[in-house]
Amino acid sequence: MAIAQHICHTPGADKSQKAVSAGGPAQAIRAFDGSAYAAISSNWWLTAHGAVAQISSAGYLDMMQWNDLPESELTRQLNAQVLTHPTNAAFDEAKWRSAVAAFAAPTERDLQLGVAAIHFGRELMSLRVSAIPPTVQGFNRHRLIRLLAAFANQQYLTLQQKVRKALKVQKSRRFFDMERAQQLVVEGANGQEMPPDDLLTYLVDSLPHWLFHVWQVADDASSDEPESAISFAAHAFRVFSIEHSLRHLWLEALWLGTRLRNDGGTLVDEPWDRDLAGRWLAWDQRDLQNMTAEFHIDAGAHIMTGGKLPPVVPAIERTVIRISRPPSGRRVFVTGRASGAIAQQRSHVSERDVLDRVYTGLFMDEALPKSPGGNLTCRELCRAWWILKDMAQLAADDLGPAWWENDRDVERFSLTVARDDLIRIFTECLNVTEERAQSFVDWFTCNPDDTRRIFAKSVWAEPLLPNPSTGNLHILLAPLLSASPVKRVEAWMERGGISDSHGVKGRGKAFERHVRKVVSDVLADNELLTDVSTAEHGLKRRGESEEIDLLVRVGNILLVGEVKCFVAPSEPTEKRNHLNNLDNATAQAEVKRAWADTNREALAETLNVDAAQAERLQIIPIVVLNHGFGMGLERYGVPVVDLHYLRLLLGSGCYQSGTRFERDVGMAYDTVTLYRSQAEFEANIEVLLRDPPPLKRFSERLLWRRIPFMTSNGRPFMIELPAISEEAPPSAIRDMPAFKQRKNRS
């Protein structure tokens, strides 16, 4: 999770910040003085500041395994719409106070949820009353949309400049650590030091809040624009960043159980279950590394060859290759054949390879039944996306330094493009009809009227912002140039109807077949594991029998697998639902283990072993996921793994944990040994499943940091978050001298 109030320095932002502190939103917010803690009732004051902060970890936290939050009557009243969320404009603090006062013996969970609702409700109400209305005054909708796009693009480019500067410092050292590069932090305008990925996420996820209010403004509204639209934009984005942060913090309190605690006069928002919060970060970091492996390998090849890499076979044959400016001065995007020699085109190939390698590869060529015409595919959409990405990168390079001073700069940074131009470009590059090209444009254009979707998914997969008054579109650089390709394709599948929850086509069965094939293939190549067998089709349900997705025998060990294909969670609600899904999956796996234990004759037949060996089998239930969010958790005696780790575990006795790329030398590897024989595998398999070694590189470097956040009454407020230390642990291959140094010493 990222918490930010302002992303990067903006020309004019200093003036905006002074205006905020001297007479803008901050002063108006402080006028709403008083603590939410004291607002409920006088006898809550000591509870909120004392007892709640001292809850015994031996009691309540034992119940928090897997985020098992105790039920609260307040949650039930929220679901029944007796109470409204503090994020809702209809939030009524008095109703929350009355609801809590009606409890004869409120639980600790009731108290914490009530405190959170009233605190965040007051902060959000202050914003709505005094801070948000001025953010849309003086502009019509056309001008506001243009300003929003320009500001978002300028902020993204400023962030990229900061990242390049930080990476340059790292590259000047003896070696460049790609993993450490993911942990570097940059400083925002308020002095907050945060990872660039967090700042980027916060930039994009805050846009729907501003866009929601912009969309309510009439196209023909009177225009009385302030003298500096740039300062106005910085001021507005600051307000909506705060609104987004408060909404996120409330949802974490509601669904993940974060709590507010008094720490020597400072209000601290912290997780109940620090272990689980740390796991979420470790899963996210490991997932990021798995998703960027192809990019790291390409970067390593660049190092080893001194930058003299041959061209790749492009992922798209034609794309936007340059910008021309005829005498009219109007920017024209010129299409041509992709050479494969440009870094951006190499990136497309890496992205394509990632998408084909992970589970999304199973669905890249499947028609999306809910797409325009019902026949667009994710592969086709990716090809169109890469063309749009090339176009955006050229436009960004054409802007020059991320600095703006006047209305002409606002127009440049808004990256306006005509729909007809995009249709022409897609038609020329993809050799499709205008109708199909228009489908791509429509698919990539966000719909601000669909508030449910835009607040849930932001604009990560829909980076074109419509401007109804002109019919033109604005390109948003951040989601186009930096978004996760896997999450993007997952969003397309969900929207297009390939989903097991609300879709026309499911993903589960296809993934189950894929898991069985992968496991069978890697076992066949593993020379250490010789006494093995698998069920090619799992175990089908017959009569009263159980349907088992995965059966893998290694000697006297039998893995009974429940295979699940879930979208990786990001938001608090998604995380809570994911944990619930894992709870159900582990329960199912345990039921199937119990059935297998009492039906060993069926196992003998399915696995082609004799009855005596079937009786000796030690049955271990597991849940196998398509991603790593949940790996290492265990419930009902059932550990959770992902296919990537299961492939490593069954495919070899060791795996690469790090790679060193050195010019004129090649590659060297750090290796982690899992087992050296089948006997060792059988002896250690339960430990390897419950404590996966790939997570240790993250969990052993976990630390905690506090991020300051403004409040309406000026009281110090800190958000406590887990982080991965920038200091990497010792590594033999990383820490050894460069080849030239070793050669000189010899």
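Residues numbered from 1 in each chain as written. Predicted model: local features only at pLDDT ≥ 70, side-chain atom pairs only at ≥ 80, totals over all residues. Heavy atoms only, no water.

This part takes up the pattern of salt bridges. By the definition in use, this model includes 47 salt bridges. Of the charged contacts in the structure, one is a salt bridge between arginine 97 and glutamate 93, with a shortest N-O distance of 3.0 Å. Taken as a pair, arginine 97 and glutamate 93 lie in helix α7 (residues 93–101) at a separation of four residues, close to a single helical turn. Judged by relative accessible area, arginine 97 falls into the partly exposed class, the value being 29%. Looking at glutamate 93, the relative accessible area reads 15%, which means it is buried. Here the residues in one salt-bridge network are Arg143, Arg146, Asp407 and Glu411, joined through shared partners. (Salt bridge = Lys/Arg side-chain N within 4 Å of Asp/Glu carboxyl O. Helix = DSSP H or I, 4+ residues; strand = E, 2+ residues; numbered from the N terminus. Buried < 20%, exposed > 50% of the residue type's maximum accessible area, 1.4 Å probe, protein only.)

Another aspect to go through is helix α13 (residues 274–291). Since there are 3.6 residues in each turn of an α-helix, residues three or four apart along the chain are aligned in direction. Helix length check: α13 (18 residues) gives 26 Å between terminal C-alpha atoms against 26 Å at 1.5 Å per residue, within 8%. Most of α13 is tucked away: 13 of the 18 residues are buried. With a side-chain oxygen lying 3.2 Å from the backbone nitrogen of aspartate 275, the N-terminal cap of α13 falls on aspartate 273. (Expected span 1.5 Å × (residues − 1). Polar contact = N/O pair within 3.5 Å; in protein donor to acceptor, adjacent residues only side chain to side chain.)

With that settled, consider the sheet that holds strand β3 (residues 259–263). Reading across the sheet, the four strands line up as β3-β4-β21-β20 and stay open at both edges, with mixed pairing between neighbours. Whereas interior strands pair on both sides, the edge strands pair on one side only; in this sheet they are β3 and β20 (702–709). The sheet shows a mean angle of 35 degrees between the axes of neighbouring strands, direction not considered. Two strands pair when backbone bridges link them, and strand β4 (residues 266–270) and strand β21 (residues 717–724) are joined in this way by three bridges, in the parallel orientation. The residue of β21 that forms the bridge with aspartate 269 is isoleucine 719. Relative to the sheet, helix α12 (residues 229–255) contacts β4, β20 and β21, its axis offset from that of β20 by approximately 130 degrees. (Pairing = 2+ DSSP bridges. Axes fitted to C-alpha atoms, helices over the stretch in contact; angles between N-to-C directions. Contact = heavy atoms within 4.5 Å.)

Burial analysis of strand β17 (residues 638–642) places five of its five residues in the buried class, the great majority of the element. What you see with β17 is no split at all: Val638, Val640 and Asp642 on one side and Pro639 and Val641 on the other are buried throughout. Relative to β17, strand β15 (residues 618–625) runs parallel, the two sharing three bridges. Residue pairing for β17: valine 624 is matched across the bridge by valine 641. Two strands pair when backbone bridges link them, and strand β16 (residues 634–635) and β17 are joined in this way by two bridges, in the antiparallel orientation. Its bridge partner lying in β17, arginine 635 is registered against valine 638. The antiparallel hairpin formed by β16 and β17 contains two residues in its connecting segment, where tyrosine 636 sits at a positive phi of about 55 degrees.

Below, the discussion takes up the packing of aromatic side chains. Going through the model one piece at a time under the given rule, you end up with 18 aromatic pairs. Seen from their ring centres, phenylalanine 91 and tryptophan 96 are 6.4 Å apart, and the 45 degrees between their planes marks the pair as tilted. Classification of tryptophan 96 as buried rests on a relative accessible area of 1%. Measuring from centroid to centroid gives 6.3 Å for tryptophan 210 and phenylalanine 240, while their planes differ by 15 degrees, and the two rings are stacked. With tryptophan 210 in helix α11 (residues 196–214) and phenylalanine 240 in helix α12, this pair connects stretches of sequence that are 30 residues apart. Residue class for tryptophan 210 comes out buried when judged on its relative accessible area of 0%. Feature note: the residues Trp385, Phe426, Phe440, Phe444 and Trp492 constitute an aromatic cluster, connected by ring pairs. The positively charged end of arginine 259 is found above the aromatic ring belonging to tryptophan 272, 4.1 Å away from the centroid. (Phe/Tyr/Trp six-rings, centres within 6.5 Å; stacked < 30°, edge-to-face > 60°. Lys NZ or Arg CZ within 6 Å of the ring centre and 35° of its normal.)

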